[in-house]
Amino acid sequence: MSHSLNQFFHPTSVAVVGATDKAGSVGSILMQNLLENPFGGVVYPINPKRRSTHGVYTYPELKACPGKIDLVVIATPAATVPGVIRECVNQGVHSAIIISAGFSELGAEGRRLEQEIREIARGRMRIIGPNCLGVIHPPSNLNASFAATMAAPGKVALLSQSGAICTSILDWAKTRHIGFSSFVSVGSMLDVDFADLMDYFADDENTRSIILYMESIGNVRKFLSAARSVSRTKQVIVVKSGRHEAGARAAASHTGALAGSDEVYEAAFRRAGILRVTTIPELFNMSEILSMQPRPYGPALAIITNAGGPGVMATDALMTEGGQLAKLSDATMEALNSFLPPFWSHANPIDLLGDAGPDRYRKVVEVCARDPNINGLLLLLSPQAMTDPTETARQLIPFARIERKPVLATWMGGESVGEGREILNQAGIPTFDAPESAIRAFLHMVQYHRNQELLYERPETLVAGRPPQRDAVETLLQRVRKEGRTLLTEDEAKEVLYLYGIPVARTLPCPTVEKAVAAAREIGYPVVLKLLSKTITHKSDVGGVQLNLGDEAAVRRAYDTIRSNVAKHADAKAFEGVTVQPMIRQKGYELIVGSSIDRQFGPVILFGAGGVLVEIFKDKALALPPLNQTLARRMIERTQIARALAGVRGEKPVPPEQLEGLLTRFSLLVTDFLDIQEVDINPLLASAEGVIALDARILLCPADLPADQRPRLAIHPYPSQYAAPFKLRNGNEVLIRPVQPEDEPLLIALHASHSEHTIRMRFFSLVKSLSRDSLIRLCHLDYDREMALAAVSRDSAHPVMMGVSRYYWDPETNTAEFAVVVGDAWQRQGLGQHLMERLLTIARERGIATLTGQVLVENQPMLDLMQRLGFAVQPSSDPSIVQVSRSLT
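Residues numbered from 1 in each chain as written. Predicted model: local features only at pLDDT ≥ 70, side-chain atom pairs only at ≥ 80, totals over all residues. Heavy atoms only, no water.

Q: Is there a simple way to think about the sheet that holds strand β34 (residues 801-810) in this case?
A: Strands pair in a sheet through their backbones, by hydrogen bonds, and they do so in one of two ways: parallel or antiparallel. With mixed pairing, the 8 strands of this open sheet are ordered in space as β31-β32-β33-β34-β35-β36-β38-β37. Each of the sheet's edge strands pairs with one partner strand only, and the pair in question is β31 (724-727) and β37 (872-875). On average, each strand axis in the sheet is tilted by 25° relative to the strand beside it, whichever way the strands run. The sheet contact formed by β34 and strand β35 (residues 815-822) spans 8 bridges and is antiparallel. (Pairing = 2+ DSSP bridges. Helix = DSSP H or I, 4+ residues; strand = E, 2+ residues; numbered from the N terminus. Axes fitted to C-alpha atoms, helices over the stretch in contact; angles between N-to-C directions.)

Here it is, written out as structure tokens:
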């Protein structure tokens, strides 16, 4: 089946509605570009007021055209466009580019026009635009745009929301001989959006990299799902404009104040394996560099230079931007000392001195390439009297591709180093005019590798603990709602956390001073008193916290003090008593864990340094839920306080598994209850003894929030609702549940248990072991696009995977391809049929139209199962394979 976007890039006929001869007009430039760049098809100008346009016979309307139209390009006033789209539908046209402006960018009337167009076209045709520059596709020589120039062919697909940026990029790229596999101005993305185009170019053999200029993301979940899929096979690099908001958003929680929208975009790009850069040149540079050099496995860089000044400049840039100077190993030091002059720097940066010749550079690079402490090399050359930039470059050609270590170069100067730069570039070693540019590129490579790791890393086994008590939390929140409240009291908030396995300080609500005294006696002195209020958000701001109370008299005084402070700084009616808690004396670090709702991305989780100065220091990291332990660990590592948590100055480290486990349970809470608008644990006390929430607050979304404004997760969470038991024919019970990243060892063991016959029936060949890439593909699922159900034994200590069924959904065709396998020891137990029945139920529930698969002709048991399940069997182009399919609609 042809892809629905094919005709935008490979049309055999193009109609231009609004074609004209008027010099400088959009309709005229569109005609010129289509005629001057023959794409092998017919151009039909459409204009009822003209007989010819640019010497081509012009038709009054689409239905007057003599042949079938693949693509319509519209350049008429916005008010006329719905009528043109209706005519397209009537004439069977499946693709249109709306160049015209005057839509949602102008307000309510423009949005109404867009909605009208959307309703006319829905299910009948695809639309790029409106308010766009058009499409350029160099491989087919198509220029369906009003750009001033044709793009050169290349391996980069550019997708841009800004037409003005498009024209600037085209002009800039032409002067630098940069080409494109395609060039798409997406405009307002009424229909075709970034996700659709990324999916399309993922399968385009002419495209190596996909680069985006983005102003808004569109459908967040659709975008992230596409990006996470595409970025596993192709580089996706983005410039996102609008980094700074005009004015801070008012927020009731610390988390809301700290989680700025641009930082949420950063978190989303990171999670999707996308590299974000800040300038247009960096878009293209990084696309080129990532294709030339391997990704570094860490930020430790070796700087090799023949002059001190450039080395210092590079070091300053590296350290300022968060990189590291590699510590040279003993073996490297010994090797360098054996041939370098005695006055070399004896450290990194490695200063070879001003008389360094080509041979000295070559030997040093050869030694550093073997050092496991070094993640990348930056070669600096300053032209001096004894320097030979050209021959030095030739000597470095053999090091253009060192495994796991990128090599970058800065040949500083002008004409004298030009030939050397050209030699390095031709060899695949990127060159830069200044050390700072090279450092920035290296750190972009580091970030890209880290982002890719988030797609591929296998989490460790989940932290054991009490299962979350979802029903109990639901009951508590319903009680709060019935009271007409959205703000939970501190003791209610802590109860919610406790029910999800998060350790909390014991908290007793006391509406009277006598009950406070009794509670203090029960807990044991010293104690803490905090304001109990259903309306006041931050207790410290109104003097609502009294610490280290050692006796009954102190408790009574503190109670009165809090009451009077509330009357003074807020409203006396807000005082509803106090909570009494133990005074935690253990030393530790004050942290914050929180979540707030972003209007585009839904819940966003925050971790960082906490306490009363949390908004001053702003040491934090953001991430999109759901989190597993690996993602939680990476989140912690992005903060400054992570170094302290690992143990400094004789202090014992905070157990990392406890902090990671807390974050995963917290993530589960916010994904289970999307009506939680904001939640703060601040402070969370972390020490060698463990972690404990000392204070907490939870704010619910307004009860009357319209359905279309309710939060939605940006990334599909683990679909635990599909977990259910199944009894085998032998009476043993197994658990059927969705596959998760932690299942890699179980899947390896299952594959190892297969007979050669079972492997051949499943893979059509003898696949003796699963590669790392295969394991990633099979276990790290995007639950929006794929589903895999595993049958696992109920032995939690030593679980065994017995079989798996899975499908992968193609959003373009709304079909899903399935596969199923059952281990030899568990065959003939009804397991394969049950796994397929469950898979069919899920696919139908998700609106998938058709489930398809391939079966070897000799695999009679599988063919029998397919017929029992209602699949149609048809021959394929390979006589040894049949195609099976079942409609689910």
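Past the structure itself, the notes keep going.
Q: Explain helix α29 (residues 860-868) to me, please; I cannot follow it from the model alone.
A: Because the α-helix completes a turn every 3.6 residues, residues three or four places apart line up on one side. Taken as a whole, α29 has its buried residues at Met862, Leu863, Leu865 and Met866. Seen from one end, α29 has its buried residues packed into an arc of 160°, which puts them on one side. Across from the buried face of α29, at angles greater than 90 degrees, the exposed residues are Pro861, Gln867 and Arg868. Tucked into the core, α29 has its buried residues touching β35, α28 (831-845), β36 (850-856) and β38 (881-887). Looking one or two residues past α29, Gly870 carries a phi angle of roughly 90°, positive in sign. (Buried < 20%, exposed > 50% of the residue type's maximum accessible area, 1.4 Å probe, protein only. Arc of directions from axis to C-beta. Contact = heavy atoms within 4.5 Å.)

Q: How should the nonpolar core be read in this particular structure?
A: For soluble globular proteins, the rule of thumb is that nonpolar side chains tend to be buried together. Membership of the largest hydrophobic core comes to 60 residues, with the highest contact counts inside it found for Ile97 and Phe223. Beyond its immediate sequence surroundings of up to four residues, Ile97 is in contact with Phe8, Leu71, Val72, Val73, Ile74, Ile128, Cys132, Gly134, Val135 and Ala144. The next biggest cluster of nonpolar side chains, apart from the first, holds 48 residues, and it includes Phe726, Tyr783, Ala790 and Leu863. (Core = buried A, V, L, I, M, F, W, Y, C linked by side-chain atoms within 4.5 Å.)

Q: Hey, could you run me through the environment of Phe607 in this one?
A: Here Phe607 shows up in strand β26 (residues 602-609). Along the primary structure Phe607 and Leu622 are separated by 15 residues, whereas in three dimensions their C-alpha atoms are 6.6 Å apart.

Q: Even after reading the chapter, I still don't get the sheet that holds strand β21 (residues 508-510), so can you show me in this structure?
A: Strand order in the open sheet formed by 4 strands is β21-β24-β22-β23, with antiparallel pairing between adjacent strands. At either margin of the open sheet sits one strand with a lone partner, and together these are β21 and β23 (545-549). Averaged over neighbouring strand pairs, the angle between their axes works out to 25° when direction is ignored. Taken together, the 3 bridges between β21 and strand β24 (residues 578-582) define a ladder with antiparallel strand orientation. Among the inter-strand pairings, Pro509 is bridged to a residue of β24, identified as Thr579.

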